[in-house]
Amino acid sequence: MAEFDFQGLTASFNGERVIGPLSFQVHRGDHIGLVGKSGAGKSTLIRLLYDRLEAKAALVPQALGLVNALPVFHNVFMGQLDRHSAWYNAVTLVRPFRKDREAVRLLLEELAIPEKQWAPAASLSGGQRQRVAIARAVYRQAPVLLADEPISALDGPMAQQVMAMLTKHFSTSIVAMHDVDLALAHCTRIIGIQNGQIALDAPASEIAAADIATLY
Amino acid sequence: MLAYPTVRTSFLFLAIALAGLLVADIAITTSNPWQDLGRFFLGVATPNFFSTEGLFTALLRTVAFAFVGVTLGSICGFLLALIYRFLPVRIFCAFIRAIHELFWALIFLQFFGFHPLTGVLAIAIPYAGIFAKVYSEILEQADPEPARLLPPGTHAFAAFLYARIPDCWAQLRTYTAYRLECGLRSSAILGFVGLPTLGFYLEASFSQGQYSDAGAMLILFYVLIATIPLWVRPRLLPAYVVAAPFFLGEGLPIVWGNVKRFFTEDIIPSPIRKGEGLAELSGWMSDLMINEALPGIWNTVVLTQIALVATGILSLLAFPLISNHFGGPVRRTSGHIFLVIARSTPEYILAYILLQLWGPSMLPAVVALALHNGGIIGHLIGRQTNTLQLRPDAPTGFARYSWELVPRVYHSFLAFLFYRWEIIMRETAILGILGIYTLGFYVDSAIQNIRFDRAMVLILITALLNIGIDALGRHIRRKLALQTMPTC
């Protein structure tokens, strides 16, 4: 039984169709790697899926959407703003509570940036910023992850570690990425996008990097 | 050259100003203007800081009124900014900021009298209108992405606190600090209508010819403004805000009967008050329009247009003074000092001084407005030229000025100038209180004659004129594709 059934997804930009119409199903436990050359419509598709799923999905957009003036802690804490009362959130802005500090610190440790907890987001490097956006998405504790190139600025071992962490924290995930080997290593299913259409949809175990290369 | 819309617009405004000069009353009427000016500068050079103990009290009151007024204005302005998208709110804010602080003070004086509330509200009300507009513009520029990523169901207040405010915080703070400086100037000139701030003592020393006392006050005022970064610290700010209300002075108690009378009798047009019917009312209105409003509007517009072009010319002449594309550090330092003095002196004080020295005509007003506004724009443009990189073999001297720099900064120069158009008009109207025949003159005379009904109509007309010029300025800026942040 499919957990999510997407039918007739379309998107247009300036009157020009950039996505679809395309349909596919996502099953619980699917970790989908979304591949395809840039401009194929991966980012647009991630947005479309987020609009459909909203409450069920945590999103890591390509631009990350961090609040530069706030410290890392608050950027991560924003993932759970809906779980607390307005006054609790207001107090946290000035003086975070111990249990939240602890929870966020554990996440940052897993991402190897615990020392950055109180640094303003504006002061971080590209790779550190990506990890903060990922921490925020994990902290949100949604069942589904939607991420658009979340590890593009991370080096090899760190990228592996973060991908493993994402599959551990989310039961279902759809991640757009350009690194084919990483996609094959960490995803259970590969969807290839070409000219706004699904050109490839197969379990990761059944395809090789060469199959994906035809998309580019 | 004339193919450029910016150049055509400039020449059009130049022509209007020259035509204005033909009809304007510009003359030096005092018998010995240069000798008076000399005595004044001698006074500034030999300041007497200890003539009256009132001087330091006046300084304290000036700061206190500025802090209370700006704090109140920024809180109300912030709340208004949150609902600024509603048209009635925008119209309300445009209206309250179109009326100058001194006009508000004149209105409140009639029913609150010399109570501190008069000075506080005179600053807080127009500032709330300005804060509302600028804060809402700043808040609009915040990156919308973080708010979109929040979990659905997040309380709107928490979303605002986390995803909106931090992104704008630095800008909100910079603008509020800038407004505090403006508030100090506003507070100082409130003394000219009788509140216990610097203007009051300045007027008193001038009228008695004590130029050394006046010089001491001006110097203290410059020091106060120039040292703002030293004494206005984020940590000290709460202490200032809490303490300021206690240093406003006692003033005189409010007579609530006056308040009631003002609203139920004084400001009702007299034919209605006396029950004389519509025919009388239209006679009253046309008399007011023909004898006061129209001459006032005419003089205000003529003076504004001349002052606007004079401001433009002065800014273009002044910006090389602080530009590091010319001359050495000594000249630049003196250029900085000149521009700091020009822009920190409120136009009203400049006009008052020049009027004392040269006698009543439009000339002191034009010079005062051009000096103050030209100082501000010259400073901003000069700073902008310092960010420009010229090729190593670029020409020097006048060729560098006219071929390399002016063409590069002309767009932002015009943007600042048209932004200040409405401000210049608001100031022009208010300078009438000093005896120049602009709208403020007729407002002030109506108040002197205890005809508040006429004064209110004239203030209303002034506000509408300002709103009109503001809209026209924005239209021209849009048409010429001129953009500027509202921090000048």
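As the structure is a prediction and not an experimental result, all values here were calculated from the model. (Residues numbered from 1 in each chain as written. Chains lettered and ligands numbered in written order. Predicted model: local features only at pLDDT ≥ 70, side-chain atom pairs only at ≥ 80, totals over all residues. Heavy atoms only, no water.)

1. Here we look at the UniProt feature "transmembrane region" (unreviewed entry) in chain B
Inference 1: Here the UniProt feature "transmembrane region" (unreviewed entry) sits at residues 55-84, 182-202, 214-232, 239-256, 297-322, 423-443 and 455-473 of chain B.
Inference 2: Between the C-alpha atoms that bound residues 423-443 of chain B the distance is 18 Å, and the span itself is 67% helix and 0% strand. (UniProt positions renumbered as here; feature names shortened; annotations may be inferred. Helix = DSSP H or I, 4+ residues; strand = E, 2+ residues; numbered from the N terminus.)

2. What to know about helix α4 (residues 87-98) of chain B
Inference 1: When the terminal C-alpha atoms of α4(B) are compared, their 16 Å separation across twelve residues agrees well with the 16 Å that a helix rising 1.5 Å per residue should span.
Inference 2: Buried residues along α4(B) sit against α3 (54-82), α5 (101-112), α6 (116-140), α19 (397-431) and α21 (452-479) of chain B. (Expected span 1.5 Å × (residues − 1). Contact = heavy atoms within 4.5 Å.)

3. What about unusual backbone geometry?
Residues and elements named next belong to chain A.
Inference 1: We note that Leu-64 has phi near 75°; this positive angle belongs to a residue other than glycine.
Inference 2: For Leu-64, a relative accessible area of 8% corresponds to the buried category.
Inference 3: Phi is positive for Glu-149, which is not a glycine, with a value near 50°.
Inference 4: Summarising the element assignment, Glu-149 is placed in the loop between β5 (144-148) and α6 (156-169).
Inference 5: Its relative accessible area of 10% is what places Glu-149 among the buried residues. (Buried < 20%, exposed > 50% of the residue type's maximum accessible area, 1.4 Å probe, protein only.)

4. Topic: the side chain of B:Ser136
Residue and element names in this part refer to chain B.
Inference 1: As for its position among the elements, Ser-136 is in helix α6.
Inference 2: Judged by relative accessible area, which is 7%, Ser-136 ranks as buried.
Inference 3: What Ser-136 contacts, discounting residues up to four positions off in sequence, is Ala-81, Tyr-84 and Phe-131.

5. Points about the domain arrangement of chain B
Residues and elements named next belong to chain B.
Inference 1: We note that the domain assignment places domain 1 (1-31 + 280-488) and domain 2 (48-266) within chain B.
Inference 2: The centre of domain 1, based on its C-alpha atoms, is set 23 Å off from the matching centre of domain 2.
Inference 3: Taken together, the contact between domain 1 and domain 2 spans 36 residues of the former and 32 residues of the latter.
Inference 4: Counting each side, the surface lost to burial between domain 1 and domain 2 is near 3200 Å², with a carbon and sulfur contribution of 76%.
Inference 5: Contact with domain 2 buries area across many residues of domain 1, yet Tyr-352, Arg-426 and Phe-452 alone supply 18% of it, more than any other trio.
Inference 6: The interface formed by domain 1 and domain 2 contains seven residue pairs in polar contact (both at pLDDT 80 or more).
Inference 7: Residue assignment for the side of domain 1 that touches domain 2 shows that the elements contributing at least two residues are α16 (329-344), α17 (347-358), α19, α20 (439-448) and α21.
Inference 8: The dominant element in the side of domain 1 that touches domain 2, judged by the number of residues it contributes, is α21, at ten residues. (Domains from an automatic or database assignment. Buried area = accessible area lost by both parts, 1.4 Å probe. Polar contact = N/O pair within 3.5 Å; in protein donor to acceptor, adjacent residues only side chain to side chain.)

6. Looking at a nonpolar patch on the surface
Residues and elements named next belong to chain B.
Inference 1: A cluster of nonpolar side chains, namely Ile-75, Leu-79, Leu-82, Ile-83 and Phe-86, defines an oily patch on the protein surface of about 440 Å² accessible area.
Inference 2: Mapping Leu-79 onto the fold places it in helix α3.
Inference 3: A residue is classified by how much of its surface remains accessible, and Leu-79, at 52% relative accessible area, is exposed. (Patch = residues over 30% accessible without salt bridge, like charges linked within 9 Å, V, L, I, M, F, W, Y side chains within 5 Å. Areas by Shrake-Rupley, 256 points an atom, 1.4 Å probe, with all protein chains shown as cover. Salt bridge = Lys/Arg side-chain N within 4 Å of Asp/Glu carboxyl O.)

7. Some remarks on the sheet that holds β5(A)
The pairing of strands in a sheet comes from backbone hydrogen bonds and takes either a parallel or an antiparallel form.
All names here are of chain A.
Inference 1: Taken together, the six strands give an open sheet; going across it, the order is β4-β5-β6-β3-β7-β8, and neighbouring strands pair in mixed fashion. The sheet is open, and its two borders are formed by β4 (57-60) and β8 (197-203), each paired with just one other strand. Strand-to-strand twist in this sheet, taken as the mean axis angle between neighbours without regard to direction, amounts to 15°.
Inference 2: Summarising the sheet, strand β7 (residues 189-194) and β8 pair through six bridges and their orientation is antiparallel. Considered in β8, the bridge of Ile-190 is made with Ala-202. (Pairing = 2+ DSSP bridges. Axes fitted to C-alpha atoms, helices over the stretch in contact; angles between N-to-C directions.)

8. Describing the packing of helix α5 (residues 126-139) of chain A against α6(A)
Residues and elements named next belong to chain A.
Inference 1: Close contact between α5 and α6 brings their axes to 11 Å; oriented N to C, the two are set at 10°. Regarding the angle of α5 to α6, the classification is roughly parallel. In contact with Arg-131, Ile-134 and Val-138 of α5, α6 contributes Met-158, Val-162, Met-165, Leu-166 and His-169.
Inference 2: Looking at the contact of α5 with α6 residue by residue, the class counts come to six nonpolar, one polar and one charged. (Parallel < 35°, antiparallel > 145°, perpendicular 65-115°, else oblique. Nonpolar A, V, L, I, M, F, W, Y, C, P; charged D, E, K, R; others polar.)

9. Remarks on the packing of α5(B) against α21(B)
Residue and element names in this part refer to chain B.
Inference 1: Running from N to C, α5 and α21 cross one another at 155°; their axes reach a closest spacing of 12 Å. When the interaxial angle is binned, α5 and α21 end up roughly antiparallel. Crossing hand, α5 versus α21: left-handed. Residues Phe-103, Ile-107 and Gln-110 of α5 form the contact with α21, whose own contacting residues are Phe-452, Met-456, Ile-459 and Thr-462.
Inference 2: Taken together, the residues of the contact of α5 with α21 break down into five nonpolar, two polar and no charged. (Left-handed = near helix turned anticlockwise from the far one by under 90°.)

10. A few points about the confidence of the model for chain B
Inference 1: Across chain B, pLDDT averages 89, with 99% of residues at or above 70.
Inference 2: Taken over the whole predicted complex, pTM reads 0.85, whereas the ipTM for its chain interfaces reads 0.84. (pLDDT = per-residue confidence, 0-100.)

11. A short note on the pattern of salt bridges
Inference 1: Under the counting rule described, the total for this entry stands at 20 salt bridges over all chains.
Inference 2: Among the ionic pairs, A:Arg47 bridges to B:Glu145, the shortest N-O distance being 2.5 Å. Of the two residues, A:Arg47 sits in helix α1 (residues 42-53) while B:Glu145 sits in helix α7 (residues 145-149), which places them in two different chains.
Inference 3: Several salt bridges converge on common partners, so that one network encompasses B:Arg391, B:Asp393, B:Glu404 and B:Arg408.

12. Topic: the interface of chain B and chain A
It is common to give the size of an interface as the accessible area lost on bringing the parts into contact.
Inference 1: Chain B puts 17 residues into the contact, and the matching count from chain A is 26 residues.
Inference 2: Summing the contributions of chain B and of chain A, the shared interface buries around 1700 Å²; its carbon and sulfur component is 69%.
Inference 3: Summed over the shared surface of chain B and chain A, the result is one salt bridge.
Inference 4: Here chain B is connected to chain A by four residue pairs in polar contact (both at pLDDT 80 or more).
Inference 5: At the level of elements, α7 and α8 (156-189) of chain B are the ones that each hand at least two residues to the side of chain B that touches chain A.
Inference 6: Looking at which element gives the most residues to the side of chain B that touches chain A, the answer is α8(B), with seven residues.
Inference 7: For the side of chain B that touches chain A, the per-class residue count stands at eleven nonpolar, three polar and three charged.

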